[in-house]
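# A structural walkthrough
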Amino acid sequence: MDLLGNLLLGLSVSLSPDNLLLCFGGALIGTLIGVLPGLGPTATVAMLLPLTFYLPPVGALIMLAGIFYGSQYGGSATAILVNLPGESSSVVTCLDGHAMARQGRAGVALATAALASLFAGIVTTILIAVAGPPLAGVALAFGPAEYVSLMLLGLIGAVTLAHGSVVKAIAMILLGLLLSMVGTDVNSGDTRFTFGLPQLYDGIDFVPLAMGLFGLAEIISSLEQTGGAGQTTARIASLWPKREDVRQAWPATVRGTVMGALLGILPGGGATLGSFAAYSLEKKVSRHPERFGHGAIEGVAAPEAANNAASQACFIPMLSLGIPPNAIMALMIGAMTIHGITPGPQIMAKQPELFWGMIASMLIGNVILVILNLPMIGLWVRLLRVPYGYLFPAILVFCCIGTYTLNNSGFNVLLMALFGVLGYALRKLDCEPAPLMLGFVLGPMLEENLGRALLLSGGDPTVFATRPISGSLLATAALLLILMVMPSVRRRRDEAFKDD
Amino acid sequence: MPTPLHGPSTAPRGTPDGAFQDRKASGGHAPVRAPLDLAAGLLIAAFGIGALWLGRDWPTGTLASVQSGFFPRMIGMLMVLAGALVTGRALLTHGAAWPSWGWRPLIWVTAAVLAFAGTVETLGLVPAVLILVGLGNLAGQPLRPVPLLLLGGALAAGCVALFVWGLGLPLRVWP
């Protein structure tokens, strides 16, 4: 069987000692940083990106994927132990997870989260392996017009399924597109938005932007909220779920996995929507919905399975179409570009060991994560008690050096500081920086394909609507936008993001 | 917001930050129904106008062969439109109040990073890290001098070990 052969190829790549070590290291460091309150997966991946510059491409991507799911798991640990969601996808885990922790069942909650994530991770990885190649086959038939429409659908999907104001999110995408134009235009050689600074002729580097918007801005926000004190964490008695717990948790895990995987493939879906949807589904199907919020184990298992499934399902559009469905995948694409890899349908054919190696490493990484985390929970708890006053200078140092060593330029550090201020201001103004990142990554591709599609059609803008695939993608995007504007849908969307 | 809002307020539209804060605290009414959205809308529109102004002389070409000015102008116009929508809605409907800003962490974190950017090339890695940690320390509850020195020293040593010895990066270490 082809799938099996491919997976075996992938396993042979990812089980090589080097890559296994990188996968392990990524998951460990990712968890380490992800556990720190206020640093979600996006910030963690952004901050640790420079660590992977000195690795071969396959190793770098395996490590980044490890960092990513490690930080996702670390975020759940913080949510359960101190009731602080590291990022939006672990908000719902706080509800029942921390309630369990208050009842002295923090260990059980953490183990449930880890095991539910493991199950979801394995199922979704297989889904990626099955669904990726056919999707890439479709994408190979795409021309520039189809790519433009697909990107528009991705961007619109990303803003409609995220929460907050749709117009503001669109504005953030546009700002990202503007930032992506800084530098020399590849077609004409004209410089744009450089303010005469030679350091900007090559465009804005991806790392200072991501680190500023996510890393620095999150440090500033956390300092504002906590003032730098340590956290009081719940105690951990026993780790192992009782038989009764398992009986309640496993159907919830399966439902959460399905929900998360489905929502994760959608552009903009991602982990947050998955976990919220899975939580409300559990509440609906439960015979005792009143238990939720008071330490129901299903309320931990389902959203944790869903956010892990969704965050891995995001890899499907990223790897097979080259279109990032959310900010983290945009970071992954940025990392691939730094290594000279163009994500998209050609990857699977041209670099099978890269594609399949990465997928197989996800299987291994999920297992490593459980082996790593269950015995080390005590260590994470201790780390959480370290006052933030000691931690954040270390994080700052890391951000600065990572950005500086990009090409030994203080200018990039300066840019990072500016984007930190911008990111903090945008957050205060209720403008999410994630769509900005998407726009920034997709900008050059969008501009190039837009120009090419118009050139091929002889300047006829209707080409986007008249070509069948392109037209139906655009129609879907338009439908999504119209749905969003309808008041009844809006109300339901707002309800879906309420946390009770 | 509990109190009904009406017409143009006679209250002075002073500095955004403190003024809104005080009014919210004293239960009076703010001059704008959604100050936060108003600011967001104006900021978005300003970015759009800035882009249009900077790109005013760039050639747009024709649809059949677009030039370097086409995309910036298109995005700039869309941003102005989006900014106008947000601003307009902020003037018509109720929205979130002006948030409080964490000036202290914002200023000191930014200052620390800028200081690092300015010193790492001229003074070298170790002094730059020490300055970064020293200034950054003011962003939260400051540590006492001894722990602060230990932290700075440990971080500087760790950076030299990891980046200079470990990864072999060509970094200047001392002034």
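Residues numbered from 1 in each chain as written. Chains lettered and ligands numbered in written order. Predicted model: local features only at pLDDT ≥ 70, side-chain atom pairs only at ≥ 80, totals over all residues. Heavy atoms only, no water.

### Describing the overall build of chain B
As a reminder, the rule being used: Numbering of helices and strands starts at the N terminus; helices are DSSP runs of H or I of at least 4 residues and strands are runs of E of at least 2. Each residue's exposure class comes from its accessible area (1.4 Å probe, protein chains only) as a fraction of the maximum for that residue type: buried when under 20%, exposed when over 50%, partly exposed otherwise. Should any heavy atoms of two residues lie within 4.5 Å, those residues are considered in contact. In these tables, accessible area is a Shrake-Rupley quantity obtained with a 1.4 Å probe, and a residue counts as shielded only by the protein chains included in the view.
Scanning chain B from N- to C-terminus turns up six helices and zero strands. Along its sequence from the N terminus, chain B presents helices and strands in the succession α-α-α-α-α-α. For chain B, buried positions account for 42% of its 175 residues. For chain B, long-range pairs separated by at least 24 residues make up 64% of all intrachain contacts whose partners lie at least 6 apart in sequence. For chain B, the exposed surface amounts to about 9,100 Å²; the carbon and sulfur share of it is 71%.

### Notes on the overall build of chain A
Going by this rule: To get the radius of gyration, use the C-alpha atoms; to get the globule rule, take the number of residues to the power 0.38 and multiply by 2.2 Å. For the charge count, each Lys or Arg is scored as positive and each Asp or Glu as negative, with His and the chain ends excluded. Taken as the charge location is NZ of Lys, CZ of Arg, CG of Asp or CD of Glu.
The number of helices and strands found in chain A is 22 helices and two strands. Taking 500 residues into account, the globule formula puts the C-alpha radius of gyration at 23 Å, and chain A, at 22 Å, falls close to it. The 500 residues of chain A split such that 63% are buried. For chain A, long-range pairs separated by at least 24 residues make up 78% of all intrachain contacts whose partners lie at least 6 apart in sequence. Accessible surface computed for chain A: about 17,800 Å², of which carbon and sulfur atoms make up 66%. Positive and negative charge centroids in chain A, built from 25 and 27 side chains respectively, lie 11 Å apart.

### Details of the pattern of salt bridges
Residue and element names in this part refer to chain A. Formally: Salt bridges, as used here, are contacts in which a Lys or Arg side-chain nitrogen is within 4 Å of a carboxyl oxygen on Asp or Glu.
For the structure on display, the rule yields eleven salt bridges over all chains. Between Arg192 and Asp185 there is a salt bridge, with its nearest N and O atoms 3.7 Å apart. By sharing partners, the salt bridges in this structure join Asp185, Arg192 and Glu447 into a single network.

### So, the packing of helix α4 (residues 57-82) of chain A against helix α12 (residues 298-313) of chain A
All names here are of chain A. Using the following cut-off: Under this scheme, a helix contributes an axis fitted over its contacting stretch, all axes are lines through C-alpha atoms, and angles between N-to-C directions fall in the 0 to 180 degree range. For this classification, under 35 degrees means roughly parallel, over 145 means roughly antiparallel, 65 to 115 means roughly perpendicular, and everything else is oblique. Left-handed is the label given to a crossing in which the near helix is rotated counterclockwise from the far helix by less than a right angle, and right-handed is the label when the rotation is clockwise.
Running from N to C, α4 and α12 point in directions that differ by 160 degrees, and their axes come no closer than 11 Å. When the interaxial angle is binned, α4 and α12 end up roughly antiparallel. The chirality of how α4 crosses α12 is right-handed. Contact residues: α4 offers Phe68, Tyr69, Gln72, Ser76 and Ile80, while α12 offers Val300, Glu304, Asn307, Asn308, Ser311 and Gln312.

### A look at helix α2 (residues 35-54) of chain B
For clarity, the threshold we go by: Expected span of a helix, by definition, is 1.5 Å for each gap between consecutive residues, and there is one gap fewer than residues.
Between the first and last C-alpha of α2 of chain B there are 28 Å, a value that for 20 residues agrees with the 28 Å anticipated at 1.5 Å per step. The complete set of buried residues in α2 of chain B reads Pro35, Leu36, Asp37, Leu38, Ala40, Gly41, Ile44, Ala45, Gly48 and Ala51 of chain B.

### Section: unusual backbone geometry
All names here are of chain A. For Asn408, which is not glycine, the phi torsion reads 45 degrees and is therefore positive. Of note, Asp430 is a non-glycine position whose phi angle comes to about 65 degrees, a positive value. Secondary-structure assignment places Asp430 in the loop between α18 (410-428) and α19 (434-456).

### Considering the packing of aromatic side chains
The condition is simple: Pairing of aromatic side chains here covers Phe, Tyr and the six-membered ring of Trp, requires ring centres within 6.5 Å, and sorts the geometry by plane angle: under 30 degrees stacked, over 60 edge-to-face, intermediate tilted.
Overall, the coordinates contain eleven aromatic pairs over all chains when judged by the stated rule. For the pair Tyr404 of chain A and Phe116 of chain B, a centre-to-centre distance of 6.4 Å together with 85 degrees between the ring planes defines the contact as edge-to-face. With Tyr404 of chain A in helix α17 (residues 388-404) and Phe116 of chain B in helix α4 (residues 103-119), the pair connects residues from two separate chains. Residue Tyr404 of chain A shares its accessibility class with Phe116 of chain B, and that shared class is buried. Put simply, the rings of Tyr424 of chain A together with Trp98, Trp101 and Trp103 of chain B pair up and form one aromatic cluster.

### Concerning the confidence of the model for chain B
All names here are of chain B. Note the following rule: For every residue, the predictor states its confidence as a pLDDT score lying anywhere from 0 to 100.
Mean pLDDT over chain B: 82, with 82% of residues reaching 70 or higher. Within chain B, no element has a lower average pLDDT than helix α1 (residues 16-26), which sits at 41, and none a higher one than α4, at 95. Taken as a whole, residues 1-28 scores under 50 in pLDDT and shows 35 contacts with residues more than four places along the chain or in a different chain.

### Focus: the interface of chain B and chain A
Note the cut-off: Put simply, buried area is the surface a 1.4 Å probe can reach on two separate parts but cannot reach once they are joined, added for both. Polar contact is defined as a pair of N or O atoms within 3.5 Å, subject to the rule that within protein one atom must be able to donate a hydrogen and the other to accept it, and that residues adjacent in sequence are counted only when both atoms are side-chain atoms. Each residue is assigned to one class: nonpolar for Ala, Val, Leu, Ile, Met, Phe, Trp, Tyr, Cys and Pro, charged for Asp, Glu, Lys and Arg, and polar for all the others, Gly among them.
Listed per partner, the contact involves 60 residues of chain B and 63 residues of chain A. Of all residues in chain B, the largest losses of buried area upon contact with chain A belong to Ser68, Phe71 and Val113 of chain B, amounting jointly to 11% of the total for that side. Scanning the region where chain B abuts chain A turns up one salt bridge. Asp37 of chain B serves as the salt-bridge partner of Lys168 of chain A, at 2.6 Å between the closest nitrogen and oxygen. Along the contact surface separating chain B from chain A lie seven residue pairs in polar contact (both at pLDDT 80 or more). Every element with two or more residues in the side of chain B that touches chain A is listed here: α2, α3 (70-92), α4, α5 (125-136) and α6 (145-166) of chain B. Per-element tally for the side of chain B that touches chain A: the top contributor is α3 of chain B, with eleven residues. Its residues assigned to classes, the side of chain B that touches chain A shows 49 nonpolar, eight polar and three charged.

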